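Okay, here's what each chain looks like letter by letter:
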Amino acid sequence: MKQRKGGVHLNLWLEMLRRRLPPAFVLEAEERLENGTLIGLAGSHGDGGSGSRDEKLGPLCEEEPWEHRADEQSAHDKDIFNEENIPQDESAPGVQAEEAAERMLVDWLAAAYAKCEGGEALQPWQWLLAESADGALELALRALVPGGGAVLVETPAAPEALELMRRLGLRAVPVECDGDGMLPDDVRWKARLAGGEPALAYVTPHFSNPSGRVWSRQRKLELLALSAELALPIVEDDTAGALPFALLFKNPQVPEAPEVPETGAAAEKKLAAGPGGETPSAAVLGDEMPKAMVPEDEMLKAAVSRDKMPKAVVPDVPESLFRLRETAGIPGAKVIGVGSFERTLLPQLPLAWLRGEAEAMEKLRREAGRGSGGGSGLPAAGPASQWSAVVRAAGGRAAGGRAGGDRAVGGRAAAERAVAARARRLRAWLASPAAARHAAAAAAAYTARRTLALELLQAPAWRGARAADPGGGLYLWVSLPAGISSEALLRASLLEGTAFLPGTLCCAAEPDDGCIRLTVAALEDARLREGLARIAAALAGFTARSGG
């Protein structure tokens, strides 16, 4: 896929729209994306609360060395990453150093989830690191769903997940939902229609993509019971809800990096420095980290305290299906959890993780060993070590979709290095107070943006439209005035210079052309106002013609 200024998130949206929009409108979007005049409300990620302009996110993972980027950082960013209590990772790149960083990140995740949800910390073999949130889902689908198999999904469903299933040749089977989640009777009925053995159910129960619904505890219990009864695995995607924030607000201290024997150039460099000489420290995130926000008002000043997080800023974290399975005593239910900071806090640092019971994770590891953990068309290569075989599911997109031979091995090796590098940066950042401060500021920014968007949607130009406040998450799901087509409105909005996601891409069966998804967490206030004003101008043209 060609990389454009909008970054891969908006590019994916364009790829999906190619099948539904006339070529002239796709070209209009591409040109505006290239020249920086497109306001994007169509992506799947927030901007991390940084206020970065959506069309200038650029490539999501620069593996360029820290010293090559130092001149581009602001003084404020340098202060953040040079705080005395940030552990400085001075180990040289290499298998042992990579494993040390990955091991510490997995240990942090295990402790953070246990502290956040209760219960015992999971063992290392119950975790896998993946290149991205989408790559983690793809690994689960490849490992658990046979070719042409069926996946039960919510209605409406995450469009990015539906697109991934389409590319993998899987059948997405829609299950009817209400405000509490999937309807149990329809889960059972659709399982029968799918041949009695759907491969798994994919759900986003906390601020669902795109609807924003939060499942009730009772509905979660009913799905877990059906999972046990029907031998139906559940993939629980928590990458766009409140859990990433909660993990940081209850952040356990990351241990200091263990000693790693230095070899080669690193050892020579330290020797050349002489007694007491200092070796350069590794980057913790560099440009991967969005610029930190410095809140001004008293509420946000309170929010940046590590141990004080107002509920008005960050909603209570609902109990995950993964944890509820244990507390409710439903051991027969099978749940694989997908987590990441990518969609909510660190869009410039794609990295994700999967957690589950031993049997399911072994299936994932076997599939990862075949090289399918990072994207469709992944090449394969052997794991770097016993540890990476346990915790790392890496892959890489082969150029032009081709995989095999030296190209496949090289792509997988590069992807493994990318996962290790990102794990090292993320682990070091998590050890800093900057992490909790950034999470608090991002949560406050997202709350303010959602509130602003809901206010703007009350304007006369939006008469007849409806949007409920989900209370969190990244998206608003907007029902358009009667008779307005989401795709027709998108075409008109593109001419105004704004993009959103039409409801037709969020349905596994009959397209819902009367709703749109707005990713309000992607834009700072001024851009959000302008973007919604442009859509309102396009909408006014339809309502004027209809006499509304």
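Preceding this paragraph is the structure being described.
Residues numbered from 1 in each chain as written. Predicted model: local features only at pLDDT ≥ 70, side-chain atom pairs only at ≥ 80, totals over all residues. Heavy atoms only, no water.

Enquirer: Whenever I open this one, the overall build of the protein chain confuses me. Can you help?
Expert: From N to C terminus, the protein chain includes 19 helices and 14 strands. Among the 548 residues that make up the protein chain, the fraction classed as buried is 57%. When contacts within the protein chain are restricted to residue pairs at least 6 apart in sequence, long-range pairs at least 24 apart make up 76% of them. Working note: accessible area of the protein chain is about 21,600 Å², and carbon and sulfur atoms make up 51% of it. (Helix = DSSP H or I, 4+ residues; strand = E, 2+ residues; numbered from the N terminus. Buried < 20%, exposed > 50% of the residue type's maximum accessible area, 1.4 Å probe, protein only. Contact = heavy atoms within 4.5 Å. Areas by Shrake-Rupley, 256 points an atom, 1.4 Å probe, with all protein chains shown as cover.)

Enquirer: Just checking my understanding: could you explain the pairing of strand S14 (residues 515–518) for this structure?
Expert: The side chains of a regular strand alternate, residue by residue, between the two faces of the sheet. Here S14 shows two buried faces, one formed by Cys515 and Arg517 and the other by Ile516 and Leu518. Sheet analysis places strand S12 (residues 476–479) next to S14, joined by 4 bridges and oriented antiparallel. Among the inter-strand pairings, Val478 is bridged to a residue of S14, identified as Ile516. Both strand S13 (residues 498–502) and S14 contribute to a ladder of 2 bridges, which runs antiparallel. Residue pairing in the sheet places Leu501 in a bridge with Arg517 of S14. (Pairing = 2+ DSSP bridges.)

Enquirer: Just to check I follow, could you spell out the packing of aromatic side chains for this structure?
Expert: The geometry of two aromatic rings is summed up by the distance between their centres and the angle between their planes. Tallied over the entire structure, the rule returns 4 aromatic pairs. Plain terms: the ring middles of Trp108 and Phe341 are 6.3 Å apart, the flat faces sit at 65° to each other, and that makes the pair edge-to-face. One end of the pair, Trp108, is in helix H5 (residues 95–117); the other, Phe341, is in the loop between strand S9 (335–340) and strand S10 (352–355), with 233 residues separating them in the sequence. Like Trp108, the residue Phe341 is buried in the burial classification. (Phe/Tyr/Trp six-rings, centres within 6.5 Å; stacked < 30°, edge-to-face > 60°.)

Enquirer: Is there a simple way to think about unusual backbone geometry in this case?
Expert: The phi torsion of most residues other than glycine is negative, and most of the peptide bonds are trans. Residue Pro156 is bonded to the preceding Thr155 through a cis peptide linkage, with omega at -5°. With an omega of 10°, the peptide bond running from Asn209 to Pro210 counts as cis. Even without a glycine there, the phi angle at Ala231 is positive, about 55°. Counting through the fold element by element, Ala231 comes out in the loop between helix H9 (217–230) and strand S8 (234–237). According to the relative accessible area criterion, Ala231 is exposed, its value standing at 53%.

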